[in-house]
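# Survey of secondary and tertiary structure
As a plain string of letters, each chain reads:
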Amino acid sequence: APVRCLRSVLSHFNRTLKKQTLFSCPSSNCTYRSWDCVRFYAAPATSSKAAKKEKEKEQKKSRWITKEELEERRKDTSRPKPYGLTAWEPNDDVYVARYYPKPLLEVKTAIDMLKTFQKLDFTYEKQPVYVELKLDMKLEKKKKVDPFVGYLRYPYPFTTDENKVFMFTENPDDAQIAKDNGAAFVGGSEFIQQILDDEIQADFYIATPEIVPKLTPLKNKLRKKFPKSKRGSVGRDIPKMLQLFKTGHEYLVEKECLVKTKIATLDMPKEHITANLDALIKDTCTYRPLSYGPFVERVILTSATSEALFIQFQQFLPQETVKAANETSVNSATSATM
């Protein structure tokens with residue numbers, strides 16, 4: 001009992017002693033606490049998550065290479081091997097195609113290969129032959145060539161069916177000329193409602209310049225088939241227009257720079273397929289001025305059941321384009337020497 005009493009007295013004495021020291025000397029306690037609160041360095045700046053994501057995106061973009069940059073790097077023939085590939089040419093007949101640059105074949109060689117593919121695969125002899133053209137749509141500054149629809153009459157047509165052509169005219173003499181040249185329908189603005197109701201349907205619509213303002217209700221209905229002077233479907237030479245659209249072939253620009261169309265059948269002679277390809281490339285090049293250089297960048301030839309073959313197409317480009325490119329290169333070289 002006495003020991004317990006002594007412990008309680010000592011503990012009470014220690015408490016009172018601590019309170020007196022804190023009250024008697026508050027400066028020491030305040031300085032101690034204020035010393036803990038003082039900071040002699042700047043806090044590190046915490047980066048937000050958005051800033052980190054932006055930095056990661058920029059790093060990824062810097063690593064990626066566009067297709068155009070990749071093609072330019074692979075054009076450098078001074079390298080021992082093309083950029084990102086194994087070698088310039090394979091040493092064996094059997095190889096993995098993605099490890100080597102795609103070969104450029106001559107047109108006759110490519111057509112022979114398509115014919116041999118058909119014989120080896122036992123496919124249809126009269127299957128269609130397709131061409132894909134990649135176009136350079138750039139003009140001066142930031143302007144581009146608008147996607148267009150072209151009409152072409154092949155020198156060696158591969159179909160015997162003629163297209164139905166509607167001739168809009170109010171002149172009786174022009175109407176008689178259109179009937180004599182094989183127009184399926186001939187008439188004026190009185191046929192607008194029948195066309196809107198799908199009572200009359202044609203493959204192509206042509207017109208004389210005088211009646212075009214009266215055909216505005218048909219713009220939403222006909223869309224790309226609406227007569228326009230740029231497409232050659234508005235004019236005064238009625239026999240020439242009918243001859244073009246009756247036996248003509250329509251092609252258009254897809255995905256802003258690609259033209260995919262049929263040019264022949266595989267059973268046709270090589271000379272006929274080559275002539276149709278030549279006519280298509282030359283007609284396509286008319287939609288951009290020759291002063292801007294070659295309009296066609298790439299040509300791929302294929303059939304319905306074969307692989308795609310890259311061909312050499314420079315011989316089909318208009319001669320004026322090649323001359324203009326040569327003149328610009330010569331002028332740049334002379335300016336560099338000056």
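Description of the structure in this document. (Residues numbered from 1 in each chain as written. Predicted model: local features only at pLDDT ≥ 70, side-chain atom pairs only at ≥ 80, totals over all residues. Heavy atoms only, no water.)

## Quick word on the packing of aromatic side chains
Rule in force here: Each pair of aromatic rings taken from Phe, Tyr and Trp, with Trp reduced to its six-membered ring, is defined by centres within 6.5 Å and is described as stacked if the planes are under 30 degrees apart, edge-to-face if over 60, and tilted in the remaining cases. The secondary structure listing takes helices from DSSP runs of H or I that are at least 4 residues long and strands from runs of E that are at least 2 residues long, numbered from the N terminus. Partly exposed residues are those whose accessible area sits between 20% and 50% of the maximum for their type, while under 20% is buried and over 50% is exposed, using a 1.4 Å probe and protein chains only.
All chains considered together, the criterion is met by eleven aromatic pairs. Pairing F166 with F185 gives two aromatic rings, centres 5.8 Å apart and planes at 20°, and the pair type is stacked. Taken as a pair, F166 in strand β3 (residues 165–168) and F185 in strand β4 (residues 185–187) lie far apart in primary sequence, 19 residues in all. Classification of F166 as buried rests on a relative accessible area of 1%. Looking at F185, the relative accessible area reads 27%, which means it is partly exposed. A centroid spacing of 5.4 Å and a plane angle of 50° characterise the contact between F204 and F245, whose relative ring orientation is tilted.

## What about the pairing of strand β8 (residues 296–303)?
Stated precisely, the cut-off is as follows: Criterion used throughout: strands pair if DSSP finds at least two bridges between them.
Summarising burial for β8: six of the eight residues are buried, a large majority. Sheet analysis places strand β1 (residues 128–135) next to β8, joined by seven bridges and oriented antiparallel. Counted as the bridge partner of L135 is V296 from β8. By the bridge criterion, two bridges tie β8 to strand β9 (residues 309–310) in an arrangement that is antiparallel. Residue pairing in the sheet places I300 in a bridge with F310 of β9. The antiparallel pairing of β8 with β9 creates a hairpin that spans five residues between the two strands.

## Describing helix α6 (residues 172–180)
The test is simple: The arc refers to the directions leading from the helix axis to the C-beta atoms. By the convention used here, residues are in contact when the closest approach between their heavy atoms is within 4.5 Å. Between N or O atoms, a polar contact is any pair within 3.5 Å; within protein, one atom must be a potential hydrogen donor and the other a potential acceptor, and residues adjacent in sequence are included only when both atoms are from side chains.
Those residues of α6 that fall on the buried side of the exposure criterion are D174, A175 and A178. All buried residues of α6 project into a common sector of 100° when viewed along the axis, lining one side. For α6, the exposed residues lying more than 90 degrees away from the buried face are P172, D173, K179 and D180. Where the residues of α6 are buried, they touch β3, β4 and α9 (238–247). Capping of α6 at its N-terminal end is provided by N171; its side-chain oxygen lies 3.2 Å from the backbone amide nitrogen of D173. Of the residues flanking the end of α6, it is G182, one or two places downstream, whose phi is positive at about 95°.

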